[in-house]
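# Report on the structure
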Amino acid sequence: MTKSILITGGAGFIGSHIVRYFVEKYPDAHIINLDKLTYAGNLENLRDVENCPNYTFIKNDIVEEQTMFRIFEQYQFDYVIHLAAESHVDRSISNPNSFVITNIVGTINLLNAARNIWKDNMEEKRFYHVSTDEVYGSLGTTGYFTEETKYDPRSPYSASKAGSDHLVKAYFHTFNMPVVLSNCSNNYGSYQFPEKLIPLFINNIRQNKPLPVYGKGENIRDWLWVGDHARAIETILLHGKVGETYNIGGNNEWKNIDLIRLLCKIMDKKLHRPDGESEKLITFVKDRAGHDLRYAIDSSKLQNELRWKPSLQFEEGLEKTVDWYLHNQEWLDRIVSGDYLKYYEEQYKNR
Ligand code: NAD
Ligand code: DAU
């Protein structure tokens with residue numbers, strides 16, 4: 001493949017996995033990672049590929065419309081894989097506006113910039129919008145989200161992602177923009193910012209800090225290894241039907257409290273602590289406002305039409321994930337201490 005591929009948000013958790021996957025698998029493609037480097041963006045996530053000849057990093061904010069137009073004109077991207085977003089539900093409760101600005105305004109800027117350079121030749125192009133299952137709202141104890149499930153977002157985060165999904169679909173219908181979308185369940189794996197459940201709790205357990213379980217811990221999430229998300233994105237980008245949405249999920253539902261107990265057990269083993277030691281850190285706290293009860297994805301469209309399926313069993317994936325964080329405690333320390341931006345500046349000053 002010899003395409004020029006823009007990946008937005010490539011310094012974040014999922015984005016860094018996508019960038020690495022494409023840089024390594026497609027040496028003849030040019031992978032351009034554009035990221036604002038918010039608190040969640042960390043170029044240290046990409047140390048292993050940053051010197052590859054087919055990789056370029058651009059520090060920019062997708063909200064800056066004119067700069068985005070210039071960048072699109074300069075690089076003439078064939079494909080856009082759009083991941084840049086404010087991604088954390090709790091932050092959207094305390095600061096909703098930044099979610100509207102990045103997730104909605106940022107997305108329309110990218111759509112406009114793509115439309116501007118692709119207007120005479122859209123056929124071979126792709127605008128891939130990476131979205132979330134949270135746009136579908138909250139399930140009861142039964143049922144699954146399908147691609148036909150009505151949108152019913154309940155947090156400012158999911159409402160902003162729903163808004164961006166609608167814009168992407170509107171550009172397909174109104175302007176024939178060659179879009180594909182996916183709505184994925186909760187990802188886990190290496191390089192995830194330790195504000196999200198799994199890396200936060202790994203970090204707290206190693207530091208003997210309380211584990212704040214929201215409500216009674218009865219909410220359910222469908223967990224997918226981030227490497228399987230990367231393969232799904234590749235499959236949909238290259239083989240998905242223009243204008244279509246694909247749900248991506250792990251078929252792997254866990255009640256939070258059960259997942260947390262499993263994590264505690266793995267951490268006891270890895271840290272050579274007596275059985276049950278880490279569980280003592282569990283602290284039930286006030287529930288998240290508007291906390292969605294259950295997400296569960298029906299990914300049969302992706303599995304049947306495009307032949308994707310998850311590869312990693314959750315217990316194995318979680319243990320590998322714990323191993324990664326314990327072998328990369330300096331990465332965690334720098335983030336937790338807020339020193340990673342300073343670290344990045346120092347590293348880059350000497351290049
Ligand atoms: P993340 O918070 O780890 O990373 C987001 C990245 O976007 C960061 O590198 C950040 O610097 C960058 N960014 C933020 N605002 C920007 C802006 N204005 N301009 C340019 N860059 C900006 O997020 P993540 O968990 O990797 O999620 C990536 C995408 O996948 C998001 O669109 C999210 O909605 C979606 N998603 C995430 C999950 C999940 O479980 N994490 C599941 C489904 C979908
Ligand atoms: O479903 C996909 C979504 O998954 C993505 O779109 C979001 O970007 C991503 O952040 C994630 O959202 P969640 O809110 O499900 O993830 P989080 O890790 O914040 O929380 C997972 C569950 O754990 C949720 O039910 C809330 C609970 N929780 C979370 C934290 C951070 C706790 O009980 N305590 C905590 O401290």
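Preceding block: the structure.
What counts as what
- Residues numbered from 1 in each chain as written.
- Chains lettered and ligands numbered in written order.
- Predicted model: local features only at pLDDT ≥ 70, side-chain atom pairs only at ≥ 80, totals over all residues.
- Heavy atoms only, no water.
- Patch = residues over 30% accessible without salt bridge, like charges linked within 9 Å, V, L, I, M, F, W, Y side chains within 5 Å.
- Areas by Shrake-Rupley, 256 points an atom, 1.4 Å probe, with all protein chains shown as cover.
- Salt bridge = Lys/Arg side-chain N within 4 Å of Asp/Glu carboxyl O.
- Helix = DSSP H or I, 4+ residues; strand = E, 2+ residues; numbered from the N terminus.
- Buried < 20%, exposed > 50% of the residue type's maximum accessible area, 1.4 Å probe, protein only.
- Near = heavy atom within 4 Å.
- Polar contact = N/O pair within 3.5 Å; in protein donor to acceptor, adjacent residues only side chain to side chain.
- Nonpolar A, V, L, I, M, F, W, Y, C, P; charged D, E, K, R; others polar.
- Pairing = 2+ DSSP bridges.
- Axes fitted to C-alpha atoms, helices over the stretch in contact; angles between N-to-C directions.
- Contact = heavy atoms within 4.5 Å.
- Parallel < 35°, antiparallel > 145°, perpendicular 65-115°, else oblique.
- Left-handed = near helix turned anticlockwise from the far one by under 90°.
- Phe/Tyr/Trp six-rings, centres within 6.5 Å; stacked < 30°, edge-to-face > 60°.
- Lys NZ or Arg CZ within 6 Å of the ring centre and 35° of its normal.

A surface patch of nonpolar side chains, amounting to about 210 Å² of accessible area, comprises Val100, Ile101 and Val105. Its location among the elements puts Val100 in helix H4 (residues 96-118). On the basis of relative accessible area, Val100 is assigned to the partly exposed category, the value being 42%.

Neighbouring ligand 2 are 24 residues; Thr132, Asp133, Tyr157, Arg288 and His291 lie closest to it. Here an oxygen atom of ligand 2 and a side-chain polar atom of Asn186 are 2.8 Å apart. At a separation of 2.7 Å, an oxygen atom of ligand 2 approaches a polar side-chain atom of His291. For ligand 2, whose unbound accessible area comes to 680 Å², protein coverage reaches 94%. Secondary structure elements with two or more residues in the shell around ligand 2: helix H6 (197-206) and strand E8 (211-214). Across the shell around ligand 2, the residue classes tally to 10 nonpolar, 8 polar and 6 charged.

This part is about the sheet that holds strand E9 (residues 220-225). Reading across the sheet, the 3 strands line up as E7-E9-E11 and stay open at both edges, with mixed pairing between neighbours. At either margin of the open sheet sits one strand with a lone partner, and together these are strand E7 (186-188) and strand E11 (253-255). Shown here is a sheet whose adjacent strand axes are inclined to one another by a mean of 50 degrees, direction ignored. By the bridge criterion, 3 bridges tie E7 to E9 in an arrangement that is parallel. Note on E9: the bridge partner recorded for Asn186 is Trp223. Together, E9 and E11 form the strand contacts of helix H8 (residues 256-270), whose direction differs from that of E11 by roughly 85 degrees.

One can describe the packing of H6 onto helix H10 (residues 314-327) by two numbers: an axis separation of 11 Å at closest approach and a directional angle of 55 degrees. Taken together, the axes of H6 and H10 are oblique relative to one another. Crossing of H6 over H10 shows right-handed handedness. Each of Ile198, Pro199 and Ile202 in H6 lies in contact with H10, whose residues at this interface are Leu318, Thr321, Val322 and Tyr325. Partitioning the contact of H6 with H10 into residue classes produces 6 nonpolar, 1 polar and no charged.

This brings us to the packing of aromatic side chains. Across all of its chains, the model carries 17 aromatic pairs by this definition. Their ring planes at 35 degrees and their centres at 5.6 Å tell us that Phe22 and Tyr26 sit as a pair that is tilted. Grouping residues by exposure puts Phe22 and Tyr26 together as buried. Each ring, one from Trp254 and one from Phe314, has its centre 5.2 Å from the other, and the planes form 45 degrees; the classification is tilted. Note that Trp254 is positioned in strand E11 and Phe314 in helix H10, a separation of 60 residues in sequence. You'll find Trp254 and Phe314 in the same group, each marked buried. By way of ring pairs, the aromatic residues Tyr136, Phe145, Tyr151 and Tyr295 are connected into one cluster. In this arrangement the basic side chain of Arg91 is found over the ring face of Tyr39, its NZ or CZ atom lying 3.5 Å from the centre. In this arrangement the basic side chain of Lys301 is found over the ring face of Tyr246, its NZ or CZ atom lying 4.5 Å from the centre.

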